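Inside the fold
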Amino acid sequence: MPVALAYAAGVLCGWRFQVPPAGLLCVAGALVAAAFILQNWRGWLLWTLLVCLGWTNMTLRSAVLSPVDLKVLATDKAEIVTLRARLVETPTLRVFVRDEKESWRAHALVETEAIQRRGEWQPTVGLVAVTTPGVLASNYFAGRTMELTGILRTPPGPPAEGLFDYRAFLAWQGIYFQLQCADTNDWRLVTHTNSPAQPPVADRFRDWSQRTLARGLPVEDEELRLLWAMTLGWKTALTDEVSEPFMRSGTMHIFAISGLHIALIAGILVAVLRAAQLPRGACGAVIVPLIWFYTAATGWQPSAIRSTLMMTVIIAGWSVRRPSNLLNSLAASGFIILLWQPSQLFQAGFQLSFFVVLSIALLLPPFEDFRQRLLQTDPFLPDELRPRWQRWLDWPLRAITTSLATSLAAWLGSLPLIAHYFHLFTPASLLANLVVVPLSSLALMCNLGALVCGDWLPWATDAFNHSGWLFMRGMIWFSEWTTTLPGAFLYVRTPTTFEFFAFYTAVFFLVAGWLWTPGKRRWSWGILLALAGGWSVGEFRARDEVRLTVVGQGANAIFCDVPGRDHDLLVDCGSESAANFLVKPFLRAQGVNTLANLALTHGDQRRVGGFKLISTEFGPTHTFTSPARSRSPAYRDALKQLSTEPSRGKAVSDGDRLAGWEVLHPADTDKFDRADDNALVLRGEFHGVRVLLLSELGAAGDKALLARQSDLRADLVIAGIPEQGEPLSDALLAAIQPRLIVLTDSEFPAGKRPKPALLARLSRTGFPVLRITELGSLTLRFTEPGAFLTTADGRDVSTLPTRARQLPHHQK
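Residues numbered from 1 in each chain as written. Predicted model: local features only at pLDDT ≥ 70, side-chain atom pairs only at ≥ 80, totals over all residues. Heavy atoms only, no water.

Brief notes about the overall build of the chain
In terms of regular secondary structure, the chain is built from 27 helices and 26 strands. Taken over the C-alpha trace, the chain has a radius of gyration of 30 Å; the compact-globule value for 812 residues is 28 Å, and the two agree within 12%. Looking at the chain as a whole, 46% of its 812 residues are labelled buried. At a minimum sequence separation of 6, the contacts of the chain that also span at least 24 residues come to 70%. For the chain, the accessible area works out to roughly 39900 Å², and carbon and sulfur atoms hold 61% of it. Averaging the positions of the 75 positive and the 68 negative side-chain charges in the chain gives two centres separated by 5 Å. (Helix = DSSP H or I, 4+ residues; strand = E, 2+ residues; numbered from the N terminus. Rg over C-alpha atoms; globule rule 2.2 N^0.38 Å. Buried < 20%, exposed > 50% of the residue type's maximum accessible area, 1.4 Å probe, protein only. Contact = heavy atoms within 4.5 Å. Areas by Shrake-Rupley, 256 points an atom, 1.4 Å probe, with all protein chains shown as cover. Lys, Arg positive; Asp, Glu negative; His and termini not counted. Charge placed at Lys NZ, Arg CZ, Asp CG, Glu CD.)

Topic: the sheet that holds strand β19 (residues 681-686)
Taken together, the seven strands give an open sheet; going across it, the order is β17-β18-β19-β20-β21-β22-β23, and neighbouring strands pair in mixed fashion. The sheet is open, and its two edges are formed by β17 (657-658) and β23 (769-771), each paired on a single side. Where strand β21 (residues 716-719) lies against strand β22 (residues 740-743), four bridges are found, and the strand directions are parallel. Paired with L716 across the bridge in β22 is L740. Its contacts with the sheet put helix α23 (residues 699-708) on β18 (661-665), β19 and β20 (689-695), and the angle it makes with β18 is roughly 110 degrees. (Pairing = 2+ DSSP bridges. Axes fitted to C-alpha atoms, helices over the stretch in contact; angles between N-to-C directions.)

A look at the pairing of β20
Summarising burial for β20: six of the seven residues are buried, a large majority. Judged from the five bridges that link them, β19 and β20 form a sheet pairing that is antiparallel. The residue of β20 that forms the bridge with F686 is V689. Where β19 folds back onto β20 in an antiparallel hairpin, the turn is made up of two residues, including H687, whose phi is positive at roughly 50 degrees. Here four bridges tie β20 to β21, and the two strands are oriented parallel to one another.

Brief notes about the pattern of salt bridges
Where charged atoms from two side chains of opposite charge come close, those side chains can pair. With the rule as written, the count across this model stands at 40 salt bridges. Across the salt bridge formed by R547 and D561, the nearest N and O atoms sit 3.3 Å from each other. Taken together, the residues R547 in strand β11 (residues 546-551) and D561 in strand β12 (residues 557-561) connect sequence positions 14 residues apart. Here D561 falls in the buried class, since its relative accessible area comes to 12%. Note that E726 is salt-bridged to R761, the shortest N-O span being 3.2 Å. Within this pair, whereas E726 is found in the loop between β21 and α24 (730-736), its partner R761 is found in helix α25 (residues 756-765), the two being separated by 35 residues in sequence. (Salt bridge = Lys/Arg side-chain N within 4 Å of Asp/Glu carboxyl O.)

Side note on the nonpolar core
Ranked by internal contacts, the top residues of the largest apolar core, which has 41 residues, are L226, M230, F255, M472 and M475. When residues of this core are traced back to their parent elements, those giving at least two are α7 (222-232), α8 (240-248), α9 (259-275), α10 (280-297), α11 (302-319), α15 (429-453) and α16 (458-482). If sequence neighbours within four positions are ignored, F255 has contacts with L226, A229, M230, K235, L238, F246, Q301 and M472. Membership of the second largest hydrophobic core comes to 34 residues, among which are L548, L658, I772 and L778. (Core = buried A, V, L, I, M, F, W, Y, C linked by side-chain atoms within 4.5 Å.)

With respect to the side chain of T56
Following the sequence through the fold, T56 ends up in helix α3 (residues 42-62). A polar side-chain atom of T56 sits 2.7 Å from the main-chain carbonyl oxygen of C52. (Polar contact = N/O pair within 3.5 Å; in protein donor to acceptor, adjacent residues only side chain to side chain.)

Here we look at the sheet that holds strand β14 (residues 597-600)
Strand order in this open sheet of nine strands is β16-β15-β14-β13-β12-β11-β24-β25-β26, and the pairing throughout is mixed. Pairing within the sheet leaves two strands with one partner each, and these edge strands are β16 (649-651) and β26 (796-801). Taking the axes of each pair of neighbouring strands and ignoring which way they run, one obtains an average angle of 15 degrees across the sheet. Here β11 pairs with strand β24 (residues 778-783) via five bridges, running antiparallel. Each bridged residue has a counterpart across the sheet, and for R547 the counterpart in β24 is R781.

Quick notes on the state of the cysteines
Enumeration according to the criterion identifies zero disulfides in this entry. Counting only cysteine sulfurs, C52 is the nearest neighbor of C26, a cysteine outside any disulfide, at a range of 10.0 Å. (Disulfide = S-S within 2.5 Å.)

Some words on the confidence of the model for the chain
With 98% of its residues at a pLDDT of 70 or more, the chain has an overall mean of 87. Considering only residues more than four positions removed or in separate chains, one finds that residues 804-812, a stretch of pLDDT under 50, has seven contacts. (pLDDT = per-residue confidence, 0-100.)

Observations concerning the packing of aromatic side chains
Applying the stated criterion across every chain, the model contains 28 aromatic pairs. Relative to Y504, the ring of F503 lies with its centre 5.4 Å away and its plane at 75 degrees, an arrangement referred to as edge-to-face. For Y504, a relative accessible area of 23% corresponds to the partly exposed category. Cluster of aromatic residues (ring-pair linked, three or more members): F508, F509, W514 and W523. Above the plane of the ring of Y176 lies K71, whose end atom (NZ or CZ) is 4.2 Å from the centre. (Phe/Tyr/Trp six-rings, centres within 6.5 Å; stacked < 30°, edge-to-face > 60°. Lys NZ or Arg CZ within 6 Å of the ring centre and 35° of its normal.)

Focus: the packing of α9 against α15
Helices that pack against each other are described as a pair by the angle of their axes relative to one another and the distance between those axes. Viewed as axis vectors pointing N to C, α9 and α15 meet at an angle of 50 degrees, and their least axial separation amounts to 11 Å. In terms of their interaxial angle, α9 and α15 are classed as oblique. Crossing angle aside, the handedness with which α9 passes α15 is right-handed. Across the interface between the two elements, L260, H261, L264, I265 and I268 from α9 touch S440, S441, L444, M445 and L448 from α15. Residues that form the contact of α9 with α15 fall into these classes: seven nonpolar, three polar and no charged. (Parallel < 35°, antiparallel > 145°, perpendicular 65-115°, else oblique. Left-handed = near helix turned anticlockwise from the far one by under 90°. Nonpolar A, V, L, I, M, F, W, Y, C, P; charged D, E, K, R; others polar.)

Written as structure tokens, this is what we have:
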């Protein structure tokens, strides 16, 4: 364990501090030489060498070592190129369901050999992630060389604060560019002497296994696909809709090839081989290659590699009759994985896998002691004299409480990580895992039985497959049922680093018993009280902070998060697609389970098309609309839905207030022909900074607003692009006098892109202009000093101090 921790510390240094690789190699060489010469200091030097090795390995994996590296040749701007590349792995498929229709997309990882620009080829090296709509032909598999044409660009960052950062996810794997092909016709095989003639053995095994597991079943349904996912690591089945009940019930881990799969396979093999009278050494020589083959066939998942390494150590020790240690095996597997790929330390799969096993190793023993004391019977009472019903309950109680103790240990260990990566708090997982884990073991055993029987015992294969299907049907039903229980799950914000440290410290002190141990009790409670005090101070300082987020990538939504939940406001919810893929995940990442206020500015499909979904998922307490009529079908459907619940819907106009915002437009009597001119205009003030939301106000609405309002001054104005004309007329800007303009433009459709004439006119006014298409999204934090603007990936954009701080002292 100390060896793995020292090496991991070096990996962290390599991530945090950029040092030339040559310098690190020289330091490592000097440490090796000093360790040979200075015998008395050898121990300290070797520990320092471990840190240096981790640092060096991490730096070498991320540094540019070739003059033709793709990071040197390519630019941040998107361009159409042709790549000659080799498939690192067989392309995988992802399925997306929309309006009950499936659409498929192929994902591949290629290693580039050359790049063609403007008709000229140039050698290059580097990894590129490729996405293509449709299903590729079966002759595209790992090892083959092809030419691909598409748009080469840097991967997109997070669309809003708290959402998945695809760019960082790929960067940790050494992938810095993405190629987007229009369709499968952009793929062309290249004849190469080293290209394999047939797919790898692991691919052929997976294809055969899928056919075998489907034998005897009438259709390829959800249950069968999930059996493929659980047994073979086939991730295509795990769509967002299918995964959601498993995520909310905390049972998603059964689809990661992990210790459950490896231990079950190893146990079955050990039982069969020992029954065949094979000695321990021969059993180990047969079992270890087989479980590694299974790991390769299921895609080399981090959890599978960790489990297989641990099982290899355990089986090797068992074969030579040597004892094993769980913590030692865990550290050894972690050390080997980080030697192979140090960036695994920063990936969710690695962290969850190791933290869960570490928690079980540390927390399960005290839980077991408590469980045994709880179920202990009278040692002086013979078992024959105990009531029969008590003896019947012994085994079920032991099995249930053991499973509950294991589930609790794993849940406590993964709790902050689940909140960080998935924004979920899942108390229901303690109940769900009591049933789903045994069912998954039975289903996995059935699948293994079917694969063993194969075609030579078809009746047994059919029986195993039907049994596995039934167990999977039970897992789906029970996972869905547990999510309907009160308090089964909650969406939460991402914990801070301080909260991570405080949580694990508290769990350690509690389980170690130091809170009640004389000599340790006083300082343990002192540390916990200090941590609680530090957390309270942080919460007190953030109690008045207001956050306003403009969700980009065409979502057309603005969320204002104020202290408490009663005055939170979502302004528009985007189209149906944007609401599903952007707005809904964003609200969940902010810990929103029920939305207090929703404002629909006007009847535009791109603004209100997702109302039904947002209303279903978050149940807004109050929904505010414009009093003007609209021809938009989506807007009319929203109004019709609100009319069935009059207490939830309200039309607001000039002079009204909603969730702390002042409504400036439209008036009750306004009847403009265009929906954009009827858009709600809202103004709010936070810590002395005024914010004006214009939505997509058109020219006619612009004039009406100017005629009606005498004071439109604001520090920040947020405006969209109307269907016709330009936003923010010169007269309106003169009345507002903003210190910053934010344009909520969009790449698609073309009408939502600001025209060069508009940008030139705004630049002549002297007011700074920020475009959402260039930033991705924007978060404004309002505190006492003013407003601080950051993008979703954490870049500081601008600062707006309060107006009072800009005035001379005698005018304050």
